[in-house]
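Structural features, examined
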Amino acid sequence: MILVVESFLLIHESLILVGESFLLIHESLILVGESFLLVSESLILVSESFLLVRESLILARECLIFVSESLILVRESLILVQQFFRLVAWLSEIAIGIIHPKAHPKLKNLDMH
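Scope of this entry: the structure provided in the associated data block. Keep in mind that what you see is a predicted model, and the values were worked out from it rather than measured. (Residues numbered from 1 in each chain as written. Predicted model: local features only at pLDDT ≥ 70, side-chain atom pairs only at ≥ 80, totals over all residues. Heavy atoms only, no water.)

**Examining the overall build of the protein chain**
What counts, and what does not: To qualify as a helix, a DSSP run of H or I must reach at least 4 residues; to qualify as a strand, a run of E must reach at least 2; elements of each kind are numbered from the N terminus. Here the globule rule is a power law, 2.2 Å times the number of residues to the power 0.38, and the radius of gyration is based on C-alpha atoms. Partly exposed residues are those whose accessible area sits between 20% and 50% of the maximum for their type, while under 20% is buried and over 50% is exposed, using a 1.4 Å probe and protein chains only. Residue-level accessible areas treat just the shown protein chains as cover; the underlying method is Shrake-Rupley with a 1.4 Å probe. For the purpose of counting charges, residues Lys and Arg are taken to be positive, whereas Asp and Glu are taken to be negative. His and the chain ends are not included. Every charge is mapped onto a representative atom, which is NZ of Lys, CZ of Arg, CG of Asp or CD of Glu.
Counting secondary structure elements, the protein chain contains one helix and zero strands. Here the C-alpha atoms of the protein chain give a radius of gyration of 46 Å, more than 25% beyond the 13 Å that 2.2 N^0.38 yields for 113 residues. The principal-axis extents of the C-alpha atoms in the protein chain amount to approximately 150 × 15 × 15 Å. In the protein chain, buried positions account for 3% of the 113 residues. For the protein chain, the accessible area works out to roughly 10,500 Å², and carbon and sulfur atoms hold 73% of it. Looking at charge distribution, the protein chain has the averaged site of its 7 positive side-chain charges lying 50 Å from that of its 13 negative ones.

Here you go:
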């Protein structure tokens with residue numbers, strides 16, 4: 001009879017240990033689930049980061065296009081300034097030729113009358 005009682009006590013202790021094992025497994029599964037949620041949130045954040053990087057690259061590209069167009073406009077402006085100074089020099093020669101026709105050999109044949 002003592003052996004039967006001891007067997008039941010051992011079975012009871014075994015069942016308690018099995019129950020505790022199931023609790024530990026349950027807690028582990030909860031932690032695994034929470035870990036998956038954290039990984040999922042991290043992947044969402046990485047995805048959002050990639051979108052922000054993409055948008056930044058698009059903005060950088062647009063800025064470079066703007067700078068390129070600005071440089072083209074600066075070049076065209078410099079060409080216009082160069083042409084203006086050539087025109088001023090040419091007009092100066094004509095003015096000198098009109099004022100002093102003998103002093104300017106190119107404009108000797110210029111008939112102003």
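**Examining the packing of aromatic side chains**
Basically, it comes down to this: Stacked, tilted and edge-to-face pairs are distinguished by plane angle, under 30 degrees for stacked and over 60 for edge-to-face with tilted covering the rest, among Phe, Tyr and Trp rings (Trp via its six-membered ring) whose centres lie within 6.5 Å.
Applying the stated criterion to the full structure yields one aromatic pair. With 5.5 Å between their ring centres and 65 degrees between their planes, Phe 84 and Phe 85 make a pair best called edge-to-face. For Phe 84, a relative accessible area of 48% translates into the label partly exposed. A residue is classified by how much of its surface remains accessible, and Phe 85, at 52% relative accessible area, is exposed.

**Topic: the environment of Leu 3**
On the secondary structure map, Leu 3 appears in helix H1 (residues 2–99). For Leu 3, a relative accessible area of 63% corresponds to the exposed category. Between the C-alpha atoms of Leu 3 and Ile 98, which are 95 residues apart in sequence, the distance is 139 Å.

**Here's the deal with a nonpolar patch on the surface**
Under the convention used in this document: Surface patches are defined over residues having more than 30% relative accessible area and no salt bridge, joining like charges when they lie within 9 Å and nonpolar side chains (Val, Leu, Ile, Met, Phe, Trp, Tyr) when within 5 Å. Here a salt bridge means any side-chain nitrogen of Lys or Arg lying within 4 Å of a carboxyl oxygen belonging to Asp or Glu.
A cluster of nonpolar side chains, namely Val 4, Phe 8, Ile 11 and Leu 15, defines an oily patch on the protein surface of about 420 Å² accessible area. As for its placement among the helices and strands, Phe 8 is situated in helix H1. Take Phe 8: its relative accessible area is 56%, and that puts it in the exposed class.

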